[in-house]
Amino acid sequence: MTATRERETASEPRSRRGQPRTLLGKTGEWFDERLKVARPTRHYLNKVFPDHWSFMMGEIALYSFIVLLLTGTFLTFFFDASMGEVRYNGSYEPLQGVEMSRAYASTLHISFDVRGGLVIRQIHHWAALLFIAAMLIHMCRIFFTGAFRKPRELNWIIGISLIVLGVVEGFAGYSLPDDLLSGTGLRIADAIMLSIPIIGSWVSFAVFDGEFPGTAIVGRLYIVHVLLIPAILLALITVHLALIVRQKHTQFPTAGRTESSVSGERVYPIYAAKAGGFFFIVFGVLAALGGFAQINPIWLFGPYNPAQVSSGSQPDWYMAMLDGSTRLFPSWEIHGLFGRYTVPAVFWPTVVLPTILIGLALVYPFIEARLTKDRAKHHLLQRPRDVPVRTSLGAMALTFCVVLFISGGNDLVASGFDISLNAMTWGGRVALIILPPLAYVVTYRICLGLQRHDREVLEHGIETGIIRRLPTGEFIEVHQPLGPVDDHGHGELNYAGASVPKRMNQLGTGALRHARGFFQPVVEKPEIAEKLAEVEESEEAADAAERHDKIAVELEEVEAERRHQLTD
Amino acid sequence: MTEDFDVDELGFNPAISATGADPDEAPHPDRASSSLGARRRPRRAVWRRRFAGGVVLLIALIGMGGAYALFATSSGANTSTSTAADVAAGQKLYETSCITCHGNNLQGVNERGPSLIGVGGAAVYFQVSTGRMPAPGQGAEMVRKEAKFTDEQISQLEAFVQANGGGPETPTGNLRDTSLSLGQGGDLFRLNCASCHGFSGAGAPLSAGKLAPTLKHASDSQLYTAMLTGPENMPVFNDNQLTPDEKRAIIDYIQTLKESNDPGGSGIGRIGPVSEGLVIWVAGIGAIVLIIMWIGAKS
Amino acid sequence: MTHSTANVPGPDELREMSPEEAMLAGAESGGVHVVHRRQRYPIPGTKAEKRAERGVSFMFGLAALAGVAFIVIFVAWPYVYHLPGEGSQQFRFYTPLLGGLLGVMLLGLGFGAVLWAKWLMPEEEAVEERDDEPSPDEEKLMTAATLSVGFEDTGLQRRRMLMGTLVLAGGALATVPLVALVGSLIKKPGNQLAHTLWGQPPEKYPNGVPMIYSDGRRVSPNDIQAGGLATVFPGVPGGVTSANTPTLLIRLRPNQSVQPRKGQADFGWGDFVAFSKICTHAGCPASLYEQQTTRLLCPCHQSQFEVLQDAKPVFGPATRPLPKLPLGIEVVDGTQFFVGRHDFVEPIGPAYWERP
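The text that follows walks through the structure, step by step, so that each part is easy to find. Quick caveat, the model's predicted, so the values are computed rather than measured.

Glancing now at the overall build of chain C. What chain C contains, in helices and strands, is six helices and twelve strands. Its C-alpha atoms give chain C a radius of gyration of 39 Å, more than 25% over the compact-globule value 21 Å for 356 residues. Dimensions along the principal axes, computed over C-alpha positions, put chain C at roughly 110 × 80 × 40 Å. Counting over 356 residues, chain C shows a buried share of 48%. Residue pairs in contact within chain C that sit at least 24 positions apart in sequence constitute 59% of those at least 6 positions apart.

Moving on, we come to the nonpolar core. Ranked by internal contacts, the top residues of the largest apolar core, which has 130 residues, are A:Tyr92, A:Leu95, A:Leu108, A:Trp126, A:Phe278 and A:Trp299. Beyond its immediate stretch of four places on either side in the chain, A:Leu95 contacts A:Tyr88, A:Met100, A:Tyr104, A:Leu108, A:Trp299, A:Pro303 and B:Arg190. In terms of nonpolar packing, the next biggest core, distinct from the first, is built from 28 residues, A:Val346, C:Val273, C:Cys284 and C:Ala311 among them.

A few words on the side chain of B:Gln156. Within the secondary structure, B:Gln156 sits in helix α7 (residues 151-163). Among all residues touching B:Gln156, those that are not within four sequence positions of it are B:Asp86, B:Ala89, B:Gly90 and B:Leu93.

Looking now at the interface of chain B and chain A. At the interface, 52 residues of chain B touch 66 residues of chain A. For the chain B and chain A pair, buried surface summed over both sides reaches about 4800 Å², with 72% attributable to carbon and sulfur atoms. At the surface where chain B touches chain A, the tally comes to zero salt bridges. Looking at the side of chain B that touches chain A element by element, the count peaks at 18 residues for helix α12 (residues 273-296) of chain B. Within the side of chain B that touches chain A, the residues separate by chemical class into 30 nonpolar, 16 polar and six charged.

This paragraph deals with unusual backbone geometry. The peptide bond linking A:Phe212 to A:Pro213 adopts the cis configuration, its omega dihedral lying at -10°. As for its placement among the helices and strands, A:Pro213 is situated in the loop between α8 (200-208) and α9 (217-247). For the bond running from A:Tyr268 to A:Pro269, omega is 0°, close enough to zero to count as cis. Summarising the element assignment, A:Pro269 is placed in helix α10 (residues 267-292). For B:Ala208, which is not glycine, the phi dihedral falls at a positive 50°. Residue placement: B:Ala208 occurs in the loop between β1 (204-205) and β2 (211-212). Of note in the backbone geometry, C:Asp310 takes a positive phi value of approximately 60° without being a glycine. Looking at where C:Asp310 falls in the secondary structure, it is placed in the loop between β9 (304-306) and β10 (312-315).

Next up on the list: the pattern of salt bridges. According to the stated counting rule, one finds 35 salt bridges over all chains in the structure shown. A salt bridge links A:Arg87 to A:Glu99, with the shortest nitrogen-to-oxygen separation between them at 3.5 Å. Here A:Glu99 lies in strand β3 (residues 99-101) and A:Arg87 lies in strand β2 (residues 85-87), a separation of twelve residues in the sequence. C:Arg40 is the salt-bridge partner of C:Glu123, the closest N and O atoms lying 3.8 Å from each other. Residue C:Glu123 is located in strand β2 (residues 123-129), and its partner C:Arg40 is located in the loop between β1 (32-38) and α3 (47-76); the two are separated by 83 residues in the primary sequence. Since its relative accessible area comes to 22%, C:Glu123 is described here as partly exposed. Three or more residues are tied together by salt bridges with common partners; here these are A:Arg266, C:Glu20, C:Arg37 and C:Glu124.

Turning next to the sheet that holds β9(C). The strands making up a sheet associate through hydrogen bonds between their backbones, and the pairing can be parallel or antiparallel. The antiparallel open sheet is built from four strands, whose spatial order is β7-β8-β9-β10 (chain C). Because the sheet does not close on itself, it has two edges, and the strands there are β7 (288-290) and β10 of chain C. Each strand axis lies, on average, 35° off the axis of its neighbour in the sheet, ignoring direction. Here β9(C) runs beside β10(C); their pairing, made up of three bridges, is antiparallel. Bridging from a neighbouring strand, C:Gln304 pairs with C:Phe315 of β10(C). Most of the contacts of helix α16 (residues 421-460) of chain A go to β10(C), to which it runs at about 70°, and overall it touches β8 (295-297), β9 and β10 of chain C.

Tallying each qualifying case throughout the model produces one disulfide over all chains. The residue that forms a disulfide with C:Cys284 is C:Cys300, at a sulfur-sulfur distance of 2.1 Å. Disulfide C:Cys284-C:Cys300: the torsion about the S-S bond is -100°, which places it as left-handed. Of this pair, C:Cys284 sits in the loop between β6 (272-276) and β7 while C:Cys300 sits in the loop between β8 and β9, placing them 16 residues apart in sequence. Grouping residues by exposure puts C:Cys284 and C:Cys300 together as buried. Note on B:Cys98: no disulfide assigned, nearest cysteine sulfur contributed by B:Cys101 at a separation of 9.0 Å. B:Cys98 sits in the buried class, given a relative accessible area of 16%.

Procedures and definitions
- Residues numbered from 1 in each chain as written.
- Chains lettered and ligands numbered in written order.
- Predicted model: local features only at pLDDT ≥ 70, side-chain atom pairs only at ≥ 80, totals over all residues.
- Heavy atoms only, no water.
- Helix = DSSP H or I, 4+ residues; strand = E, 2+ residues; numbered from the N terminus.
- Rg over C-alpha atoms; globule rule 2.2 N^0.38 Å.
- Buried < 20%, exposed > 50% of the residue type's maximum accessible area, 1.4 Å probe, protein only.
- Contact = heavy atoms within 4.5 Å.
- Core = buried A, V, L, I, M, F, W, Y, C linked by side-chain atoms within 4.5 Å.
- Buried area = accessible area lost by both parts, 1.4 Å probe.
- Salt bridge = Lys/Arg side-chain N within 4 Å of Asp/Glu carboxyl O.
- Nonpolar A, V, L, I, M, F, W, Y, C, P; charged D, E, K, R; others polar.
- Pairing = 2+ DSSP bridges.
- Axes fitted to C-alpha atoms, helices over the stretch in contact; angles between N-to-C directions.
- Disulfide = S-S within 2.5 Å.

See below:
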């Protein structure tokens, strides 16, 4: 060990023998002796994350996933994934004496006879809905800002896979209680499997262990839902996050940002406090939803019975796209293929369409790179308006998806708005063909218009709203230039990918978006400003006094010298 | 009971089949009403028509009575007693409010209203107490409105129609008194009713603008008479198919469900995943995105 | 990490620095430059600082209180379900209270932590070098050499027989677990999809398979009125619970006549027709019967079947009519009861590749 020090300095307060004295220091020393963690710890604690709000949407998904793991583990302690029949005799009277599977009965047990079981079950289900919604808006942010470009294509692929797995996991999860609504969904899933050419009936019989519904499917879905897919999700999420840590986050271009650095806050303690706080906020919102909004009331649906169905049967929202495509796809079936084979109508909207959509999404970064011939690495994001083709394609895809989502619930829309059901179907089919190209064109024009406006403001300055009358009689509006102007009064600033101020209150210190508050402008608190002013004054006064004293002392010395010389 | 007579036996085609016209067909607005046309005819033709109408009525009554005796069994519920005064009062009400579409002999009017011969007091009770009748006009669906007649007037109309063709009567007594359990009632509900009315009775659209209405306003009697008479496009569940005990079990289940509280907080409509999806996007994502905008802002 | 380590201070220098200076030096050594750092309350003890601290503490305090309340409610609040009028209805507040209090606790913690960072922790802006150049040439060359020499060491390039048999063994390794684990999942569909339990050996049911309701009662023509329908099943073991057997028995009005499909003209009986309830599109029960328009609507994807055309699909994505059950009558003790004469003549429900 090194020589002892008496003063306390930057190092941990240490004893006479140089050993750390605090608990934290002792712990750190214990690990460091075994694992040499000092430098990597500091490396990760000092990592810089930019703090734009749109970068936190992926975190919503991450935190929802953690909530799912926690609440899901609780549920596994009570759920019985068996399709054996039993007569219900729990405390929900309207179902007493009814024959049902053990899976359904155990879910009723959790909901009515386990303390807090219902709130945890509801938090679990809300978290599942939020998980996929958050992944989707996160994907949209990544897409529209171009964050998927090199070097992040791998993360994009992992992200799409996470969405697909999340949807499958959700479907497996809500099918576990074996209620009438999800059982109907399983029946449709069976029809989808049957529709696959050549191997369809084999796939169906393999999954259901024979004819639908069999007695194995709930148990198999259970293992898929609590073991297989969570394991894959956990692994992929870990890789997803590790890649972000390794490659560092992207950021929007503004003053002072370059491709070779990332600016923001260090993880410890500020970003960790915000991110950790955000985890609790997401959890809190889910807890509130789980308490106040009833979800998946399986006791109202009844146990699954293949002879029963309810009107207004929809799957959970993230499956509504598939439901919509199935409702809209016309009755086109291929008969007599190769003389005797059938390709059912369900195959195209439920197997082919999702495969195409997911496939397109997976390869999009590579398509775009090839079409734009862009092989450079990008760490700065693009404003959506600056890439009108991509933004318009995205708007087209979103419109397509939204039409399908709405069509997934078209019977409820029909009854809610007094529209004929047949009209909803036809309307959906027409909208699906017409609206996406329309959305493309409209979005494209909007992007171009916004781009033009940016450059116009850069050239002509901001409209101040002040009208002046020239001596010649004409009225002009005074414009505030954003930078130096040439002889003709036109600005010389080039567009640099950052957002251009468009209003007067976006100029000056208020313009620095990163220094703008949320509810009110950021100003120094008055008392602190006063105190600081006081301190400054007193410091100045002290300085002045010091200088005064110094000069006085020097004068005295000079005087003394002179007197000394005179007396000599 | 619905019509069971032979077209050839009558000698002419009745105005409309008992189940009513095709709702997809709209009436022609410029077609003159038959009553207007009748006034223009000479008096002898009018009397001949009325005599013929009476013969038809007699044959229909005999046919109805016979068919009823052959096929229908007792509803098992107490039948109400109605007097001749009720029938007369009912006739007066009928002549002011119903005759335009249902004809002066309840035989129905082509393109306007079906025959009421044999529909029974139960059908009258259902249609009139839910305000569907008198109907304001033709359409794909007659929707529930505020009832135009008082309870007493409804009984009088029931008596009148019952006297002029028979049919199932409105039951009395406690319509939730059943020997079956709530669970069995629920099972019957899910097998027979939920496919149109939804698992929580919220209703659903049928094809081309028709509707299976929500059950949330329905009283016990209205539920019973609807099952018994099969109004509009609802199938008919007579008392052999769903015994009165089973009907009462279904009513018990539906009404208990309506009165029961949701254990999981707000039921958000009890319509399933669509409202849940709306909530997660509006309240969940909406609130959280606002929060992250706040977190991301510097202070 | 190839950050410049030239200006990393030594341990003696670090011990001389203030903690803050050492932290900044540590960040610099990792390529992180703290370009702006300012305490929010440079003068300690102002009212504003105390207010901010109180605000954050309030959040945490609220969270603690909510946690205590949660435990109390969890243990003490009545949660058992009762029907209205048969017991306490307090259960309907149990879940909302638990969720609400848990929410307050978590939101208190969350907002407290965020406000802590926003109001009390120093303002800071840091810049980190990306350091994302590809590996330097020397590293790439050395790694490439390591890989290629290693491969040469294995000798696989030269030793053809070794490579060949290795590939074969690898192929076996890839396929054997698949076969072992997945193989027993595979079941031969055979022609099970083309038959239902309505098809029974005639020796066993010489008069036809009895038709029953879900409670086991036999179905008689008198039961159903014109304009009515019932869900019926075959009266054989497993007939009520099988997913392929639910059948709709519909009684039409006398003036309604069915245009039968080829070969199914005698499948009805009197005013009665019976169709498979399982929609031929995706398998949901297509049981919304509009008795005036004689349409069967399936609630899942809005396929509509016209009963008078032998359940031909007239709207929506369904492509094939609902299979029709051939009806027969068996007289038992003077009462007529329905039977199914034989199975549907085509597979019910959704189609599949080898559908006959």
